[in-house]
There are 2 protein chains.
Amino acid sequence: MNGLMMDWPLVIPQILRRAAQFFPEKAIVSRWGDGTRHRMTYADLEGRVHRLMNALRGLGIQPGDRVATCAWNHHRHLELYFAVPSLGAVLHTINFRLSHEQLRYIINHAQDRLIFVDRSVAGTLAALETDLPAVEKFIVMDDRGPEPAALPRSTMDYEELLAGASERAEFPPLREEMAAGLCYTSATTGDPKGVLYSHRSTFLHAMAGCMVDGGAMSEREVALPAVPMFHVNAWGMPYSCTMTGATQVFPGSGVIGQPLAELLEAERVTCAAGVPTIWTLLYQHLKEKRYDLSRLHTILVGGSAASRALMENYARDFGIRVLHAWGMTETSPIGTMSRLKRALEDSPEERQLEARLKQGIPVVGVEAKLLGEQGEDLPWDGEHVGELAVRGPWIASSYYNNPQAGAAFTADGWFRTGDMASIDRLGYVKLTDRKKDLIKRKGEWISSVDMENAVQGHPGVLEAAVVARPDEVCDEVAAVLVVTRDDPNHPVAAQEILDLLSRKFAKWQLPLPEDIHFVAALPKTGVGKIDKKVLRKMLAQPPAN
Amino acid sequence: MNGLMMDWPLVIPQILRRAAQFFPEKAIVSRWGDGTRHRMTYADLEGRVHRLMNALRGLGIQPGDRVATCAWNHHRHLELYFAVPSLGAVLHTINFRLSHEQLRYIINHAQDRLIFVDRSVAGTLAALETDLPAVEKFIVMDDRGPEPAALPRSTMDYEELLAGASERAEFPPLREEMAAGLCYTSATTGDPKGVLYSHRSTFLHAMAGCMVDGGAMSEREVALPAVPMFHVNAWGMPYSCTMTGATQVFPGSGVIGQPLAELLEAERVTCAAGVPTIWTLLYQHLKEKRYDLSRLHTILVGGSAASRALMENYARDFGIRVLHAWGMTETSPIGTMSRLKRALEDSPEERQLEARLKQGIPVVGVEAKLLGEQGEDLPWDGEHVGELAVRGPWIASSYYNNPQAGAAFTADGWFRTGDMASIDRLGYVKLTDRKKDLIKRKGEWISSVDMENAVQGHPGVLEAAVVARPDEVCDEVAAVLVVTRDDPNHPVAAQEILDLLSRKFAKWQLPLPEDIHFVAALPKTGVGKIDKKVLRKMLAQPPAN
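Owing to the predicted nature of the structure, the values given are computational and were not obtained by experimental measurement.

What follows concerns the overall build of chain A. Broken down by element type, chain A carries 16 helices and 25 strands. At 23 Å, chain A has a C-alpha radius of gyration in line with the 24 Å of a compact globule built from 545 residues. Taking the principal axes of its C-alpha atoms as reference, chain A extends roughly 70 × 65 × 50 Å. Burial statistics for chain A: of 545 residues in total, 61% are counted as buried. Nonlocal contacts in chain A, meaning residues at least 24 apart in sequence, comprise 67% of its contacts between residues at least 6 apart. Here chain A has roughly 20,600 Å² of accessible surface; of this, 49% comes from carbon and sulfur atoms.

The following block contains the structure:
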């Protein structure tokens, strides 16, 4: 009786075909490093993807080969998103902000045959070139950014490559289980670990990105991924936007503050996505200068937790909803999305905000559970805190060619996220901490995330981090690092921070006055998260006095 | 390199599991035949599905077996939607409005082992019982409707069956390609043909039902399927609602007019779905009496084309959007959805209406093309008319156990729909006619659908049908059948119909005055569509004078 429905594989070329057929006129906008903008349509995209496929074939790329990118967000990167998997090859998006050591490791581990690199970041690769024996060619994409100090030797120009390729490409048959994309986690310990996405996982994840209770992408949106395309496929936006024919606005190279505000206004962007820092900085700028962002209804925030202030500020001052989501490289990344349940529709605003500040409800396709210290299931009462484990069609079942790094994958098919969380009766997941970021004082836990959120409630605080400082008596105590806004109207004193915390935390949880540090900036990882590993190392050293 | 994403099959039990975990408190409401309402939650649903699975196992149901329903829309039918496929068995939803001859054929063709039947319709089966050798038991569900004339002999009561079953069921492992559902088309020629849905097709179709540009179901909706659950799985709503945790309101037995209005108001329904007739009748009632339908934002219309009047009336008088969709039993059914493209956002209202009156853009997962008379691809210019062919993961590749009826399935993997259509440059599909409903006058085509829409523009017309009448000179000519509203403010004369048509049609296309017939009612098929086969037969006979 089987097989009476068509065997239509969930593969990436279908996503582009739909856009080119039903939305050929829709726009793809890219902002270059010099501030100029490039415009093309989905019809153009299809044509260029065909040429790129032929060019890649000409360079000898075979199904299964890895083709890497070191690139910002722009249309050429989008072309690679489709051309490489459409050949059955694997698109490896490299986070070029990683250390040289890490870059060398992942490029060699992935055995990338080609690297497509933005001109402005090619200098990084030039320095590494001799250590990358598998790489045959570097194809340079002119992003009109700053001149690099040097270029790798064996380079080609992207546009010349395309110009020399023929117009119509043959699409090989693909099975949906075939590998399509590769992304390495920016591990804070040990070597980076690769996550290999399949055509099926990418397609289903893109569908989730278009579901009302998922990413809610639609043809009517003008979408701007401020999250880099080397960061878990820009959270899948390029695929869900193309799938549904949305207008795409690519901000190019790490655009923040004023140029971001200008781009959002000029292209009448309706939804955007990125880590909290981007939106904190943008908010400061928006308070200084007036822009027409009336079309912008939603900012999707992930990567780290959005603060209450961020949500309140955008809602109050600009009528923009900050939508909280959670995910990881290992989860493609969409895991949860914090949309307001109908049951909370008529609740007081404070109750609504409380729910929206949680990471949200797992989207369709993602199962979740909470594991206790012995691996037992914990109840969903909003109180019990355990390790969040997830399961689903776009969640990794192992790391790429790395059988040693398998501890996170349970024998019964779950992925242990390393995130500590509670789940309440309405199904909202609330992350309390990375497992390794919890502070354990005399055997009792202190949540660094809760304390950071509390400190960020001070109007004079721009950013804050809370980490464990080793202590002979208590094992660990909380240490707070604060970056102030330098706003004369809102000075910040250590005592104010302590007062603020004492309203929300037990006495034994509070940091000592000398553990409140004012710093000029916080160290960040390659993906823009606060690097707590560095902070912990700093604090572990005895003060130099 | 394969298999690095989890192998998580797209199967129906996952849909229910999600609802029970994240939306246990959400409501499922059923209206019984006596007007009372039954309420339960998704947590209750899960419990009852477990019991039902155990009960079915107790009756000897094995994977692959067919289990049938003859039932209206209510929670017990929903329980069967989950319990039967969760066992690996196949849920066969029977349209009990078919003729006895057709019912006998499909039940025997499907070899149903059990039939779950609403008490109010059990009389139909009692009359057929001796002709159904494969059926072992009839399980009667008390829907508080009218007493049946007789019951089949070997009956059991549904609630007693559940009460006797144990609480927790084991879920067998399922592959997503396994059959899950079976539905027969109400063929207008030849025997009914069965379409077999898989777990995969049902799951993906439900996801499409939750996509913004698809069915847009979400947790926040209160959804009422007025389309029967025996009609292509109520267009997939029970699955997409459960998948996303929407509140479901089941109207029971063919509720129309006043009781439908009362139910929509009482349950604060936000979206509903059904054939145009239901909404035409409801509109008449809403004009007579005031209801608070302020929550109702969208009525999804399919099955046959919505008229301009229907769309305009609901929008103008109640601010309710009539959303046009197209599908067939063979397409699960969602094929196209007529949402307004961004490009039309600032267009004049008339232009927007023109687009929304088309059947719309194929949803994600559905590919389309237009075939000319020689099977060639026709251009998408809004002018060329050809047969619509579709392809996708929830479209049939053959009929169930019926290799003879394979003409609609092309060798290269497309399904020929039998619908004549154009596709415009924006990708909107517009059905012009069923292939067999076109009128061919002296070798030139006349669209019966266009002519019906024109006639329905007369304010005194309730319903209209246009069919071919055989003619010795012209081969075929158009004949118009009109049901008037009997509204003294809007009398209808044949000449007015002709005047109306002459504004939109060429002279040679117009019907003769004697081909305009006023009738009390139009014959309908088992699924509520106008039965043109019957009309053609009537008109083919020489007038009895």
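So, next bit.
Of the transformation placing chain B onto chain A, the axial shift is 0.0 Å and the rotation is 180°, giving an RMSD of 0.1 Å. Overall, the copies show the geometry of a two-fold rotation axis. Within chain B, Met-211 of chain B has its C-alpha nearest the rotation axis, a separation of 1.9 Å. By residue overlap, the copies meet face to face through one surface: 100% of the interface positions of chain B are interface positions in chain A.

So, on to the domain arrangement of chain A. Assigned domains within chain A: domain 1 (10-25 + 42-222) and domain 2 (438-540). Averaged C-alpha coordinates put domain 1 of chain A and domain 2 of chain A at centres separated by 39 Å.

Contacts between the two partners involve 78 residues from chain B and, on the opposite side, 78 residues from chain A. Carbon and sulfur atoms make up 58% of the surface buried where chain B meets chain A, a total of about 6,400 Å² over both sides. Taken together, the connections running from chain B to chain A amount to 10 salt bridges. The partner of Glu-367 of chain B in a salt bridge is Arg-17 of chain A, and the shortest N-O contact between them spans 3.0 Å. Applying the counting criterion to the chain B and chain A interface returns 32 residue pairs in polar contact (both at pLDDT 80 or more). For the side of chain B that touches chain A, the elements supplying multiple residues, two or more each, are helix H1 (12-22), strand S9 (193-198), helix H7 (199-210), helix H9 (237-244), strand S16 (361-362), strand S17 (367-371) and strand S18 (386-391) of chain B. Residue composition of the side of chain B that touches chain A, grouped by class: 42 nonpolar, 17 polar and 19 charged.

Here the amide bond leading from Ser-332 of chain A into Pro-333 of chain A is cis, since omega sits at 5°, within 30 degrees of zero. In this structure, Pro-333 of chain A sits in the loop between strand S14 (321-327) and strand S15 (334-337). Its identity is not glycine, yet Asn-233 of chain A carries a phi of approximately 50°, on the positive side. Position of Asn-233 of chain A relative to the elements: it lies in helix H8 (residues 232-235). Its identity is not glycine, yet Val-232 of chain B carries a phi of approximately 45°, on the positive side. Within the secondary structure, Val-232 of chain B sits in helix H8 (residues 232-235).

All names here are of chain B. Spatially, the nine strands line up as an open sheet ordered S2-S1-S11-S10-S12-S13-S14-S15-S16, and their pairing is mixed. Since the sheet does not close on itself, it has two edges, and those belong to strand S2 (37-41) and S16, each with one partner. Note that strand S10 (residues 222-225) and strand S12 (residues 271-274) share three bridges and pair parallel. Within S12, the position partnered with Leu-224 by the bridge is Ala-272. Sheet strands in contact with helix H11 (residues 276-288) are S12 and strand S13 (298-301), and its direction is about 120° off that of S12.

What the rule picks out here adds up to 71 salt bridges over all chains. The partner of Glu-176 of chain A in a salt bridge is Arg-200 of chain A, with the nearest N and O atoms 2.8 Å apart. Here Glu-176 of chain A is found in the loop between helix H6 (158-163) and strand S8 (179-185), whereas its partner Arg-200 of chain A is found in helix H7 (residues 199-210), with 24 residues between them in sequence. The class of Glu-176 of chain A is buried, set by a relative accessible area of 6%. Judged by relative accessible area, Arg-200 of chain A falls into the buried class, the value being 9%. For Asp-34 of chain B, the salt bridge is made with Arg-144 of chain B, and the minimal N-O distance between the two is 3.8 Å. With a gap of 110 residues between them, Asp-34 of chain B in the loop between strand S1 (27-31) and S2 and Arg-144 of chain B in the loop between strand S6 (137-141) and strand S7 (155-157) connect regions that are remote in the sequence. Judged by its relative accessible area of 41%, Arg-144 of chain B falls in the partly exposed class.

What follows is about the pairing of S8 of chain A. Residue and element names in this part refer to chain A. Of all seven residues in S8, seven are buried; the element is thus mostly enclosed. Both strand S4 (residues 90-93) and S8 contribute to a ladder of two bridges, which runs parallel. Bridging from a neighbouring strand, Leu-91 pairs with Gly-181 of S8. Sheet topology places S8 next to strand S9 (residues 193-198); six bridges connect them, and they run antiparallel. Within S9, the position partnered with Tyr-184 by the bridge is Gly-194.

Here chain A shows a mean pLDDT of 92. Residues at 70 or above account for 98%. Interface confidence for the predicted complex, expressed as ipTM, amounts to 0.89; the pTM equals 0.89.

Further remarks concern the nonpolar core. Of all hydrophobic cores here, the largest spans 261 residues; its most connected members are Phe-116 and Trp-279 of chain A together with Phe-116 and Trp-279 of chain B. Excluding residues that lie within four positions of it along the chain, Trp-279 of chain B makes contacts with Ala-226, Leu-260, Ala-272, Ala-273, Gly-274, Ile-299, Leu-300, Val-301, Leu-310 and Tyr-314 of chain B.

As a further point, take the packing of aromatic side chains. Under the criterion given, the structure shown has 27 aromatic pairs over all chains. Ring geometry for Phe-82 of chain B versus Tyr-239 of chain B: centroids 5.4 Å apart, planes at 80°, classification edge-to-face. With Phe-82 of chain B in helix H3 (residues 75-86) and Tyr-239 of chain B in helix H9, the pair connects residues that are 157 residues apart, well separated along the chain. Using a relative accessible area of 0% as the deciding quantity, one classes Phe-82 of chain B as buried. Taken together, the ring pairs in this structure connect Phe-22 and Phe-23 of chain A together with Trp-380 of chain B into an aromatic cluster. A cation over an aromatic ring shows up here: Lys-193 of chain A above the ring of Tyr-399 of chain A, its NZ or CZ 5.4 Å from the ring centre.

So, on to the sheet that holds strand S7 (residues 155-157) of chain A. Residues and elements named next belong to chain A. Reading across from one edge, S7-S6-S5-S3-S4-S8-S9 is the order of the seven strands in this open sheet, with mixed pairing throughout. Two strands close off the open sheet at either side, each with one partner strand: S7 and S9. Averaged over all adjacent pairs, the angle separating strand axes in this sheet is 25°, with direction ignored. Two elements, strand S3 (residues 66-70) and S4, share four bridges in a ladder whose sense is parallel.

So, on to the packing of H1 of chain B against H7 of chain B. Axis angle and axis distance: for two packed helices, these are the angle between their axes and the distance between the axes, and together they describe the pair. All names here are of chain B. Put simply, H1 and H7 touch, their axes get as near as 8 Å, and they point 40° apart. With respect to their mutual orientation, H1 and H7 come out oblique. Of H7, the residues touching H1 (which contributes Ile-12, Pro-13, Gln-14 and Ile-15) are His-199, Thr-202, Phe-203 and Ala-206. Of the residues assigned to the contact of H1 with H7, the class counts are five nonpolar, three polar and no charged.

Attention shifts here to helix H15 (residues 494-502) of chain B. Residues and elements named next belong to chain B. Of all the positions in H15, only Ile-497, Leu-498, Leu-500 and Leu-501 are classed as buried. An end-on view of H15 places all buried positions within 160° of arc, on one side of the element. Taken together, the buried residues of H15 touch helix H14 (448-456), strand S23 (461-471), strand S24 (475-484) and strand S25 (516-518).

A few words on the environment of Ala-520 of chain A. All names here are of chain A. Position of Ala-520 relative to the elements: it lies in the loop between strand S25 (516-518) and helix H16 (532-540). The class for Ala-520 is exposed, based on a relative accessible area of 75%. Sequence separation between Ala-520 and Thr-484 is 36 residues; the distance between their C-alpha atoms is 7.9 Å.

In this section: the pairing of S3 of chain A. Residue and element names in this part refer to chain A. With five of five residues buried, S3 is to be regarded as a mostly interior element. Burial along S3 is two-sided: the face carrying Arg-66, Ala-68 and Cys-70 and the face carrying Val-67 and Thr-69 are both buried. A crossover connection joins S3 to the parallel S4 through helix H3 (residues 75-86); in handedness this β-α-β unit is right-handed. The sheet contact formed by S3 and strand S5 (residues 114-118) spans four bridges and is parallel. Bridge pairing in S5 places Cys-70 opposite Val-117.

Rules used in this analysis
Residues numbered from 1 in each chain as written. Chains lettered and ligands numbered in written order. Predicted model: local features only at pLDDT ≥ 70, side-chain atom pairs only at ≥ 80, totals over all residues. Heavy atoms only, no water. Helix = DSSP H or I, 4+ residues; strand = E, 2+ residues; numbered from the N terminus. Rg over C-alpha atoms; globule rule 2.2 N^0.38 Å. Buried < 20%, exposed > 50% of the residue type's maximum accessible area, 1.4 Å probe, protein only. Contact = heavy atoms within 4.5 Å. Areas by Shrake-Rupley, 256 points an atom, 1.4 Å probe, with all protein chains shown as cover. Least-squares fit on C-alpha atoms with pLDDT ≥ 70 in both. Domains from an automatic or database assignment. Buried area = accessible area lost by both parts, 1.4 Å probe. Salt bridge = Lys/Arg side-chain N within 4 Å of Asp/Glu carboxyl O. Polar contact = N/O pair within 3.5 Å; in protein donor to acceptor, adjacent residues only side chain to side chain. Nonpolar A, V, L, I, M, F, W, Y, C, P; charged D, E, K, R; others polar. Pairing = 2+ DSSP bridges. Axes fitted to C-alpha atoms, helices over the stretch in contact; angles between N-to-C directions. pLDDT = per-residue confidence, 0-100. Core = buried A, V, L, I, M, F, W, Y, C linked by side-chain atoms within 4.5 Å. Phe/Tyr/Trp six-rings, centres within 6.5 Å; stacked < 30°, edge-to-face > 60°. Lys NZ or Arg CZ within 6 Å of the ring centre and 35° of its normal. Parallel < 35°, antiparallel > 145°, perpendicular 65-115°, else oblique. Arc of directions from axis to C-beta. Right-handed = clockwise from strand over helix to strand, strands pointing away.

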